[in-house]
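Inside the fold
Below, each chain spelled out in residue letters.
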Amino acid sequence: MYMEQDNTIFETLYSRYSADVYRFAYWLCGDQDDAKDITSETFIRVWTSNSEMRQETVKAYLFTIARNLHLQRRRRNSIFSPVTEDIPETSNTPLNQTENRSELEQTLKVLDGMPEIDRTVMIMKAREELSYQEIAQLTGLTISAIKVKIFRVRQKLASLRLS
């Protein structure tokens, strides 16, 4: 499908996937404004693209664009913003809130310290529920390499809970 030929298709695409692209971009960059910019730019690129998009890989196609935009911004700015997120209140006791915040901060710190590709692969699998095949198409890695990366990230995160 060519986006510039059909406004209705683009509007449907945007309404269906914009939240997913934003969430993915936010997890990559850790900044709401940057995530909004990446999301907007992703859809602008889809809109202005002359190439045809395959229907079965729309979400993966959008994530690839968003990831590439994130990497371009990162190279251009040559700094990395740490990922932070407000913790939703799950308990009323201050002790539980403090423990949850501490655990989240430790997890985010570990994720921030990982190479970008490891973080990206983990987000694609855990948050976006993409298959190994889809992640392989997006990243250019083999399925075996992706499984190893996810296993190692999970091991590192599990070690946090034990300590």
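This write-up is about the structure you can find in this document. (Residues numbered from 1 in each chain as written. Predicted model: local features only at pLDDT ≥ 70, side-chain atom pairs only at ≥ 80, totals over all residues. Heavy atoms only, no water.)

**Re the nonpolar core**
Here is the rule: As used in this record, nonpolar core signifies buried Ala, Val, Leu, Ile, Met, Phe, Trp, Tyr and Cys residues forming a set joined through side-chain atoms within 4.5 Å. Working definition: with a 1.4 Å probe on protein chains only, accessible area under 20% of the residue-type maximum means buried, over 50% means exposed, and in between means partly exposed. Helical segments are the DSSP runs of H or I of at least four residues, strand segments are the runs of E of at least two, and each set is numbered from the N terminus. By definition in these notes, contact holds between two residues if any of their heavy atoms fall within 4.5 Å.
Membership of the largest hydrophobic core comes to 39 residues, with the highest contact counts inside it found for Leu13, Phe24, Phe43 and Leu62. Those elements that place two or more of their residues in this core are helix 1 (7–29), helix 2 (32–48), helix 3 (58–77), helix 4 (94–113), helix 5 (116–126), helix 6 (132–139) and helix 7 (143–162). The contacts of Leu62, once residues within four sequence positions are left out, are Leu13, Tyr17, Val21, Thr42, Phe43 and Val46.

**Quick word on the layout of surface pockets**
For clarity, the cut-off: Here a cavity is any set of points on a 1 Å grid over the protein atoms alone where a 1.4 Å probe fits but cannot get out, and a pocket is any open set with protein on both sides within 12 Å along at least 5 of 7 lines; a residue lines the site when it has an atom within 4 Å of a point. Grid points are joined across faces, edges and corners, and a volume is the space filled by probe spheres set on the points. Polarity classes work like this: nonpolar for Ala, Val, Leu, Ile, Met, Phe, Trp, Tyr, Cys and Pro, charged for Asp, Glu, Lys and Arg, and polar for all others, with Gly in that last group.
Here the second largest pocket is characterised by a volume of approximately 170 Å³. Taken together, Trp27, Leu104, Thr107, Leu108, Leu111, Met122, Ile123, Ala126, Arg127 and Leu157 form the lining of the second largest pocket. Mapped by element, the contributors of at least two residues to the lining of the second largest pocket are helix 4 and helix 5. When residues of the lining of the second largest pocket are assigned to their parent elements, the largest contribution, 4 residues, is made by helix 4. Along the lines of polarity and charge, the residues of the lining of the second largest pocket split into 8 nonpolar, 1 polar and 1 charged.

**Some details on unusual backbone geometry**
Not every positive phi belongs to a glycine, and Glu129 is a case in point at roughly 55°. Note on placement: Glu129 falls in the loop between helix 5 and helix 6. Classification of Glu129 as exposed rests on a relative accessible area of 66%.

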